[in-house]
Amino acid sequence: MASALGQGCLGGKAARGSGHSSLQQTRVQRQQSTYYPPYRCPQQKARRQPTLVSQALAAPSAIAEQTNDGLGLWEAAGGTAATHASSWGLNSGGELGLPLDFTTYYQLGRQIGAGAYGTVYEAIEKATGDRLAVKVLPKQRGKLSREKTLTKIQQELEVLAALQDCQQVVCLEDIFEDSQWVYIVQELCEGGDLAQALATHGACTESQAAAVIYEVLKVIATCHAEGLLHGDIKPANFMMRPSMSNPWKAIDGGRLRNPWLMAIDFGCSQPVHKARAFMRRTGTPVYMAPEVFQRQYGMSADLWSLGMMFYELLACRLPFWDSMDDCKSKTIDEVGKSVVTDDVPMDYGPFEALSKQGMDLLHGLTQRDPSKRITAAAALEHPWFREQLGYACKPGQACSNNIVALDKTPACSIFGPELAFEAAC
Ligand SMILES: Nc1ncnc2c1ncn2[C@@H]1O[C@H](COP(=O)(O)OP(=O)(O)OP(=O)(O)O)[C@@H](O)[C@H]1O
Ligand SMILES: [Mg+2]
């Protein structure tokens, strides 16, 4: 347990399927067929059909009657995975109602990542030669029953499908299963994750952190608007889409265009139940909010985790431990004790140099009392972003501080254009 504290995800993680009628069909062609699942999006999220996604999510699922530690999740659902799949007209066959023929369509390549549950490989689509990423999740996870594991996998998949309109969420391309594994085929993000960037290039500057935090906030705000807790905000769960030698320098160079940072892992996401707070500890302990350890939490827990990530981007360490190795030697209760009781030190190095607005946002995110913590929507409008990023500039034009000139394309379907910054144009 201790060894996973800095990396793993404690909580729950899972579907749909694709009707593959011919190896010759490209993914695009398959999508155009009437029975292709609704939520794949090769390069353009616009190809997705939102109504079909909502149908998919409303469809009953086999394992949905399992509640997540009494949290009331999926209580309303019933039926079977087979009905789930057949509601999309899919040619399915596995326990989750997914197609079983991953190897017919894809060739697994080298391993490119690993998390607490998933191992991620590069994959080649046989028909097109396209390079993609495939997250392979075991159907049996430690002591967890197979049924509960499948519930978690299905939940991860449903959340990923529900968020496909958000440009900052990795594109879901295909899903398969066999007797032991579930295969989640995704867009390949070649630029590495933010944890790797921190390990390789060290802490970033305030304006670079602002560019990162702004993108992550869009994901959190989308989740919350959709009634979902992300549940595992941390650098390792955000990946740079393009390959670049130094992401921090690429941000400074203003060469990035949205979407450049992608959320890749929704294994700890949960729908927020209207009547009850979450109680089950879930997430990666060193990023978990105090109230998560106290087993009474809601969406604001994501903002605390973002505060930890903001801190780490600036200081290359987390507030309560000198290094990741230091916190890995702690038990979850020891981590929880520090998070619940210790002050967040902000009286050294990068925090002394942090601007007033930056400090204001960091304080807002690291409020111990969740009711006093800044919300995702309010954080997105924080003046720090205008100050640091010069979002007042028009897309394609140089900003005053030459940071990232964003496109004015909607961040996520629910937001519309970047209105918060238009007034200053
Ligand atoms: N689409 C992708 N493209 C490239 N690399 C990826 C992709 N998805 C994941 N990875 C790599 O694999 C790692 C693990 O993936 P992921 O976070 O989805 O697994 P996990 O088991 O859910 O992790 P966790 O430990 O956070 O629960 C990521 O940190 C990243 O480095
Ligand atoms: Mg992860």
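Residues numbered from 1 in each chain as written. Chains lettered and ligands numbered in written order. Predicted model: local features only at pLDDT ≥ 70, side-chain atom pairs only at ≥ 80, totals over all residues.

J.: What exactly am I supposed to notice about the packing of helix H7 (residues 206-225) against helix H10 (residues 300-315) here?
T.: Two measures define how a pair of helices packs: the angle their axes make with one another and the distance between the axes. At a closest axis distance of 10 Å, the pairing of H7 and H10 adopts a crossing angle of 165 degrees. Accordingly, the angle class assigned to the pair H7 and H10 is roughly antiparallel. In this structure, the crossing between H7 and H10 has a hand that is right-handed. Residues Ala 209, Val 212, Ile 213, Val 216, Leu 217 and Ile 220 of H7 form the contact with H10, whose participating residues are Asp 302, Leu 306, Met 309, Phe 310, Leu 313 and Leu 314. Along the lines of polarity and charge, the residues of the contact of H7 with H10 split into 11 nonpolar, no polar and 1 charged. (Axes fitted to C-alpha atoms, helices over the stretch in contact; angles between N-to-C directions. Helix = DSSP H or I, 4+ residues; strand = E, 2+ residues; numbered from the N terminus. Parallel < 35°, antiparallel > 145°, perpendicular 65-115°, else oblique. Left-handed = near helix turned anticlockwise from the far one by under 90°. Contact = placed C-beta atoms within 7 Å. Nonpolar A, V, L, I, M, F, W, Y, C, P; charged D, E, K, R; others polar.)

J.: When you look at the UniProt feature "binding site: ATP" (unreviewed entry) in the protein in this model, what are you seeing that I'm missing?
T.: The UniProt record annotates "binding site: ATP" (unreviewed entry) at Lys 135. Along the chain, Lys 135 falls in strand S3 (residues 131-138). (UniProt positions renumbered as here; feature names shortened; annotations may be inferred.)

J.: For this particular structure, what's the right way to read the environment of Asp 174?
T.: Mapping Asp 174 onto the fold places it in strand S4 (residues 172-177). For Asp 174, a count of 26 C-beta atoms within 10 Å translates into the label buried. With 75 residues separating them in the primary sequence, Asp 174 and Pro 99 have C-alpha atoms 9.6 Å apart. (Buried ≥ 20, exposed ≤ 12 C-beta atoms within 10 Å, placed from the backbone.)

J.: Can you help me understand unusual backbone geometry in this one?
T.: Outside of glycine, negative phi angles account for most residues, and trans bonds account for most peptide bonds. Between Asn 258 and the following residue, Pro 259, the backbone shows a cis peptide bond with an omega angle of -5 degrees. Within the chain, Arg 295 stands out as a residue other than glycine whose phi angle is a positive 60 degrees. Checked against the element boundaries, Arg 295 lands in the loop between helix H9 (290-293) and H10. According to the C-beta neighbour criterion, Arg 295 is exposed, with 12 such atoms within 10 Å. In this structure, Cys 316 is a non-glycine residue whose phi angle is positive, near 60 degrees. Counting through the fold element by element, Cys 316 comes out in the loop between H10 and helix H11 (324-328). Assessed through the 17 C-beta atoms surrounding it within 10 Å, Cys 316 is described here as partly exposed.

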